Structure formats: structure tokens, C-alpha cells
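Tertiary structure, described
What follows is the residue order along each chain.
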Amino acid sequence: MEKLAIHGGPKAKATPYNTPNRYGDEERTLLNRVLDSGRLMGTDGMVADFETEVAQAFNVKHVIMVTSGTAALHTALCALGVSEGDEVITNPMTDMGTTAAILAQHAIPIFADINPHTRLICPDSVRKLITYRTKVIITVHMSGLSCDMDTFMNIGLESGVKILEDCAQGHGGTFGGCYLGTIGDAGGFSMNESKQMSSGDGGFITTNDDDTAHIARLFRDKTYVRDRKINRGEQPISFFAPNYRPTGLQAAVGIAQLHKLEALVARRAAIVKRYYQELGDLPHFELPHITSGSQPSYWPLAAQYTGDTPTRDKLADALRAEGVRLDTGMAAVNNILHTELIQKKKYYPLTDTVPSFWRDTIYDPGACPNVDALTQTCLRLPVDERFTDEDINQTIVAVKKVWRYYFG
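From a predicted model like this one, the values you see are computed outputs, not experimental measurements.

**Description of the overall build of the protein**
Scanning the protein for helices and strands turns up 12 helices and 13 strands. The C-alpha atoms of the protein give 22 Å as radius of gyration, which agrees with the globular expectation for 408 residues (22 Å, within 12%). Viewed in the frame of its principal axes, the protein has a C-alpha envelope of about 80 × 55 × 45 Å. Looking at the protein as a whole, 54% of its 408 residues qualify as buried. Surface accessibility of the protein: about 17700 Å² in total, with carbon and sulfur atoms responsible for 50%. Mean positive and mean negative side-chain charge positions of the protein (41 and 48 charges, respectively) differ by 4 Å.

**Some details on unusual backbone geometry**
A cis amide bond links Thr309 to the next residue, Pro310, at an omega of 0°. Relative to the assigned elements, Pro310 resides in the loop between strand 12 (301-305) and helix 9 (312-321). Positive phi values are uncommon outside glycine, yet Asn59 reaches one of about 55°. Its place among the elements puts Asn59 in the loop between helix 2 (45-58) and strand 1 (62-66). The class of Asn59 is exposed, set by a relative accessible area of 66%. The backbone of His284 shows a phi angle near 60°, a positive value even though the residue is not glycine. Positionally, His284 belongs in the loop between helix 8 (248-279) and strand 10 (285-286). In this structure His284 comes out as partly exposed when scored by relative accessible area, which is 36%.

**A closer look at the sheet that holds strand 2 (residues 87-90)**
Taken in spatial order, the 7 strands make up an open sheet running 1-9-8-5-4-2-3, and their pairing is mixed. Two strands close off the open sheet at either side, each with one partner strand: strand 1 and strand 3 (108-111). Geometrically, the sheet is characterised by an average inter-axis angle of 25° between neighbouring strands, direction not taken into account. As paired strands, strand 5 (residues 162-166) and strand 8 (residues 186-190) are joined by 3 bridges and run parallel to one another.

**A short note on the pattern of salt bridges**
If you walk through the whole model with that rule in mind, you get 21 salt bridges. A salt bridge links Arg220 to Glu51; its shortest N-O distance comes to 2.7 Å. Here Arg220 is found in the loop between helix 7 (210-219) and helix 8, whereas its partner Glu51 is found in helix 2, with 169 residues between them in sequence. Assigned by exposure class, Arg220 and Glu51 land together as buried. Arg245 serves as the salt-bridge partner of Asp221, at 2.6 Å between the closest nitrogen and oxygen. Pair noted here: Asp221 is in the loop between helix 7 and helix 8 and Arg245 is in the loop between helix 7 and helix 8, with a separation of 24 residues, a long-range link. Taking relative accessible area as the criterion, Asp221 reaches 2% and is therefore assigned buried. Relative accessible area serves as the criterion here: at 16%, Arg245 is assigned to the buried category. Connected through salt bridges with shared partners, the residues Glu2, Glu322 and Lys401 form a single ionic network.

**Considering the pairing of strand 3**
Alternating positions in strand 3 separate into two faces, Ile108 and Ile110 on one and Pro109 and Phe111 on the other, with burial throughout. Where strand 2 and strand 3 come together, 4 bridges link them in parallel fashion. The residue of strand 3 that forms the bridge with Ile89 is Ile110. Traced from strand 2 through helix 4 (residues 96-104) to strand 3, the parallel crossover comes out right-handed.

**Looking at the packing of aromatic side chains**
Overall, the coordinates contain 18 aromatic pairs when judged by the stated rule. Look at Phe111 and Tyr363: their rings are 5.8 Å apart centre to centre, the planes differ by 50°, and that puts the pair in the tilted class. Remark: Tyr363 occurs in the loop between helix 10 (340-343) and helix 11 (369-377) and Phe111 occurs in strand 3; sequence separation between them is 252 residues. When sorted by exposure, Phe111 lands in the same class as Tyr363, which is buried. With a centroid separation of 6.3 Å and an interplanar angle of 80°, the aromatic rings of Tyr347 and Trp358 are classed as edge-to-face. Residue Tyr347 is located in the loop between helix 10 and helix 11, and its partner Trp358 is located in the loop between helix 10 and helix 11; the two are separated by 11 residues in the primary sequence.

Rules behind the numbers
Residues numbered from 1 in each chain as written. Predicted model: local features only at pLDDT ≥ 70, side-chain atom pairs only at ≥ 80, totals over all residues. Heavy atoms only, no water. Helix = DSSP H or I, 4+ residues; strand = E, 2+ residues; numbered from the N terminus. Rg over C-alpha atoms; globule rule 2.2 N^0.38 Å. Buried < 20%, exposed > 50% of the residue type's maximum accessible area, 1.4 Å probe, protein only. Areas by Shrake-Rupley, 256 points an atom, 1.4 Å probe, with all protein chains shown as cover. Lys, Arg positive; Asp, Glu negative; His and termini not counted. Charge placed at Lys NZ, Arg CZ, Asp CG, Glu CD. Pairing = 2+ DSSP bridges. Axes fitted to C-alpha atoms, helices over the stretch in contact; angles between N-to-C directions. Salt bridge = Lys/Arg side-chain N within 4 Å of Asp/Glu carboxyl O. Right-handed = clockwise from strand over helix to strand, strands pointing away. Phe/Tyr/Trp six-rings, centres within 6.5 Å; stacked < 30°, edge-to-face > 60°.

Here it is, written out as C-alpha cells:
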């Protein structure tokens, strides 16, 4: 039996993962174009170019660029008609930005469980939570895996509830031949450093509805009407809205990143295909079921350890000692239901006063057992388009080595 690295043996993954700078000549060229223009601010220019290119690439009618994924979801919720006291259903295994966007609109987050096999929000759980106050369902395409959008669109039609796709991790993924973010009533994307398309920070909304797009464009810019028909001092300010206006610098980098997206998605799919082919039969090691008719835009792949001994954490320590880049958390917060924000409805930092719209809501911390089970057993395999074939070879060898030691 080969000695594990954690016990003093040689590492199976002895070399660092190949992760060269993701930004290059095209980003520099477009950034210089913005700088040479002498104008970084404004939703015309490079920002408008970004929106046009993304709309064409994703085959969607409208794209509205904003400053972050959280801003994208907040803007979309407003544009879809969410107001104070409305309920928005999502799941608690997501980035905090999903919940923050709901609360920012003074709406009430309602948490559905996930399907344990797909690792995605469960339609049956959602159906049980719909009430007369439900306005929107946010389908989180977690880790770039597509939710069953046919089922969710049918739920929307049956209930009159709108569907917002959280595509923060889903750039370039598809369902039924359509890009994620173009199927529901709107989509919200992030472009922070970890995403398939990065502008350092940034985001955008997608929609095929003219009215939704119009409201979103107003909402991102304090409702300012940016044309020469409005004289300075005469802005009508038609409703409350923040400033989520992006800069031309973000747009420039975003365009260059868009041009790399197709190759990125294909390379990540090739990496994950090897994981399924070469690790899929390991005992106590369950890979996610992929929604029928979908093509994911993969992030780190969430395997689930289904054994009892050794513990998940012991396996994770052994894999890391072998040199595998491994995570055991699905997001920054394993289960948002367990946070002080939700359990104490801690909306403000310096007072315990609960806003009136949220006062009567009670959250059961055990309401999403499948989320808890996954976060306690998850082993996320590394996926990055920059990895070499040898990186993947060594990662697979390392996983098999650890599994042979513990399971024969």
C-alpha cells in the first residue's frame, strides 16, 4: 500500500497547478482605448459596447451592466416588480449576495431545500413554499450547473410568479439550447475575480422583456434620464434607485473576457468529463447528476462523500497533503439559514430593531436538511480552464491514491 503524503509519503500532485494571468493583451488594448478617450464614466461608450456584445453572444434582447452580481440581482428584483413585504423564494446554499439583494428590496427571503442529487434548488420544495405573497423565485445555477428550467418555468406559469435566474456562476452554460439567464423573466450575472467572466468586480442583467429592461436601466442610475432632452436640474426622479453604474474600465475587461468564454466553457467541460469517467465509480464518492438537456459551465465540482469512516475532513486533509487544491464549502456561508442575519433578523449593525416588513417571519434552522447534509460531506474537485492535462492527471491519481488507502 502506497504511503500517503499526510503520513510522510510522496505527494501525488507534486507540482503547483498551472494558473497564469487570465488577463492579457486584449484587456490591455481595450483598457487603453477607454483611457485614451479621456472618459471613464457613463453607460454609453464601452459600457454600451459590452451590453451589445453580450446580448449578441447570449442571444438575448437586453443586457444591462452594473457594478456587481448582487447589484444585478437587486436591480432585476426591482424591475420584476418586487416591493416591500413580497416573498422571494431561493435556497440558502448560495452566495450571500442572493439573499442581500432580496433584503435590499425590503422583500422577505424564503428558503427552499436542494435536490440532493443535482445539488440545486428543488422544485418540489419550492412549490410547497409559494403563497399569495410570493413574487419571484430565484433559481441559483450553483457551480455552473443548470436548474431544471422547464419545471421552474411551468411553476411560474401555474402560480403567476416570476423566475429570476441567478447566473453568478453560470456564464455560457445552457439549458435546452438556450443560454442560462435568457430563459426566465430575467437573469443576474456576477463578474468578480472568481467568475468565468471577470472584470475584477461587475455584473449584468439579461432579459427579453422591454419593460423589465427599461426599469433596470433607470434603477442602476438613480433613475437619471441620460439624454440631451433633459436639462441639468430637471431630472424627474421617478422612483427610488441607487447608483449601480459601472465604468468603461470594467466594460473593457468584460468584453475581452467574453471573447474567451466559449473556449473556457469547453476546456472546463473536458476536465469534468475526465473526473466523471475516471472517478465516477469510486465507492462513497457521488458526483452531481447533471440536469437533462443542459450543458454546464463548470466551477469546482462538488463530489459528496457518502461514507462514515474516515470522516470527510480527514479525507480532505489527506487530499490536500497530496497537493490537491480542494474546498469543502459550497459558498462563503455553508447555509445562510444558520446565520445571525437570518435567525436574529439582524438587519442593522448597531441596533437590534427588526424592520417592519421582516418582523413576523420565523425561520426554522433545520428547514433545509439536504443543504446541511451536502455541506457536511462535500469535497469540491478543482476545475480551471488554465490547468494542464498533467494537472488533471495528478489530481485524479491523488484522489485514487487516497481512496485506495482508505477503501481498498
